[in-house]
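# Chain and residue survey
In case you want the letters, here they are:
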Amino acid sequence: MPPTIFAPDAPLISTTDAVAFEARVGLTATPKTLSPWLFYDEAGSRLFEQITELPEYYLTRTERGIFAANADEILCEAALGQGPSGKLTLIELGAGTATKTGILLAEAVRQQGSVVYQPVDVSETALAEASENILANIPGVTVRSQVADYTREALPLNRLPETRTLALYIGSSIGNFMPEDARDVLRNLRAQLLPGDTLLLGTDLAPNGGPNGNKTAATLLAAYDDAAGVTAAFNLNVLTRLNRDLKADFALANFKHRVCWNPTQSRIEMHLESVIAQRVHIPANSSGPAFVVDFARGETIHTENSYKFNSAAVEELLSSANFKKTKSWEDPQHLFAVTLATAV
Ligand code: AVJ
């Protein structure tokens, strides 16, 4: 049976309108902010792929290693002790091009003969690439792509009869959200699941200082401020995007990539720092009239948070959305955690 690719619904507003709105709200706020989804235009998505291969950015390869070492156990646990019998269906939030998911899909096929995979993402092109890769490389997988913004809409989870669901939310994507928003994302997911369904959550770990204290704030700072400057280019690209999409006049040479570890909030913060006092112009657009943005020397635009968790924080987040932790796996250096939880 050929895979079904559902046609996306037309977005409510165009992407450029959404960029215009975000820029107006964020750049007129105090302190100034821009939302991290703005990073991911075509150039930004390519830069992010490059980040995942940097020596300093351990997250992607570490999570992949955890999957490779434990896929059999992860899938067994997810299939265990639940209500109705039947195969697991895998859904993935923010699937992107789904490069790490292949390990889990291949294991699901090994254990149950075939698997239905429902990647959900805002990017239709990423989903097309994901399904092409998977169909070409993992026989036994049926892909049912769904274009949706899981942060704003209820998930279009068209449940198959006689199956249980394993939802994947991996890659530390949850780390971009403030605690209350992270909880709401998981609640939105939980609302689509039945008791006994499971969630596999990938979280980057906080520095560990203890006897296994091999992860420090410096480990984190390096991961977000690499020597080759790829993360700096990724951060600055948001200004290039505003110049292109909104005809703004940001001079990129006047802004610097800045990273800090915020221990109180347990998060890495990325900022763009204005190195001089300057004024930027944004012409009129669908979100309102033209406006100017004045920067003091040293003032920043806060462009991203990346929250880091310890195991208590993961459990607390899960239980706030009615999930109960079943089991978790970490790499030998305790850099990253993958947690399986059951919908209760
Ligand atoms: C895609 C949100 C997981 O927070 O590590 C990488 C994005 N930003 N380098 C992360 C990111 C700078 C990444 N996530």
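Rules and cut-offs
- Residues numbered from 1 in each chain as written.
- Predicted model: local features only at pLDDT ≥ 70, side-chain atom pairs only at ≥ 80, totals over all residues.
- Heavy atoms only, no water.
- Phe/Tyr/Trp six-rings, centres within 6.5 Å; stacked < 30°, edge-to-face > 60°.
- Helix = DSSP H or I, 4+ residues; strand = E, 2+ residues; numbered from the N terminus.
- Buried < 20%, exposed > 50% of the residue type's maximum accessible area, 1.4 Å probe, protein only.
- Lys NZ or Arg CZ within 6 Å of the ring centre and 35° of its normal.
- Patch = residues over 30% accessible without salt bridge, like charges linked within 9 Å, V, L, I, M, F, W, Y side chains within 5 Å.
- Areas by Shrake-Rupley, 256 points an atom, 1.4 Å probe, with all protein chains shown as cover.
- Salt bridge = Lys/Arg side-chain N within 4 Å of Asp/Glu carboxyl O.
- Lys, Arg positive; Asp, Glu negative; His and termini not counted.
- Charge placed at Lys NZ, Arg CZ, Asp CG, Glu CD.
- Pairing = 2+ DSSP bridges.
- Near = heavy atom within 4 Å.
- Polar contact = N/O pair within 3.5 Å; in protein donor to acceptor, adjacent residues only side chain to side chain.
- Nonpolar A, V, L, I, M, F, W, Y, C, P; charged D, E, K, R; others polar.

### Some thoughts on the packing of aromatic side chains
This structure, assessed with the given rule, holds ten aromatic pairs. Residues Y40 and F234 carry aromatic rings whose centres are separated by 5.6 Å and whose planes lie at 65° to one another, so their mutual orientation is edge-to-face. Here Y40, found in the loop between β1 (32–33) and α2 (42–51), pairs with F234, found in helix α8 (residues 230–246); they are 194 residues apart in sequence, far enough to count as distant. For F234, a relative accessible area of 3% gives the class buried. Clustering of aromatic rings is evident, with ring pairs tying together F39, Y40, F48, Y57, Y224 and F234. One residue, K32, lies across the ring of F295, its end atom 5.1 Å from the ring centre.

### Remarks on a negative patch on the surface
The grouping of E49, E53, E129 and E132 at the surface amounts to a negative patch. Position of E129 among the secondary structure elements: in helix α5 (residues 124–137).

### Some remarks on the pairing of strand β6 (residues 163–169)
Counting buried residues along β6, seven of its seven residues qualify, which places the element largely inside the surrounding structure. Of the two faces of β6, the one holding T163, T165, A167 and Y169 and the one holding R164, L166 and L168 are both buried throughout. Across six bridges, the pairing between strand β2 (residues 87–93) and β6 is parallel. Bridge pairing in β6 places I91 opposite A167. As defined by bridge partners, β6 adjoins strand β7 (residues 198–204) across four bridges and the pair is classed as parallel.

### A short note on unusual backbone geometry
Most of the time, phi is negative for any residue but glycine, and the peptide bond is trans. Looking along the chain, the bond that leaves T30 and enters P31 is cis, with omega of -10°. Within the fold, P31 resides in the loop between α1 (15–27) and β1. Despite not being glycine, S266 has its phi angle at roughly 50°, a positive value. Along the chain, S266 turns up in the loop between β8 (255–262) and β9 (267–274).

### Some remarks on the site of the ligand
Neighbouring the ligand are 14 residues, the closest being Y57, G171, Y224, E304 and S306. Residue E304 places a side-chain N or O atom 2.6 Å away from a nitrogen atom belonging to the ligand. S306 places a side-chain nitrogen or oxygen 2.7 Å from an oxygen atom of the ligand. Against a free-state accessible area of 350 Å², the protein chains account for coverage of 96% of the ligand. Within the residue set of the shell around the ligand, elements represented by two or more residues are α2, α8 and β12 (300–307). Its residues assigned to classes, the shell around the ligand shows eight nonpolar, five polar and one charged.

Nothing here speaks to function; it is geometry throughout.
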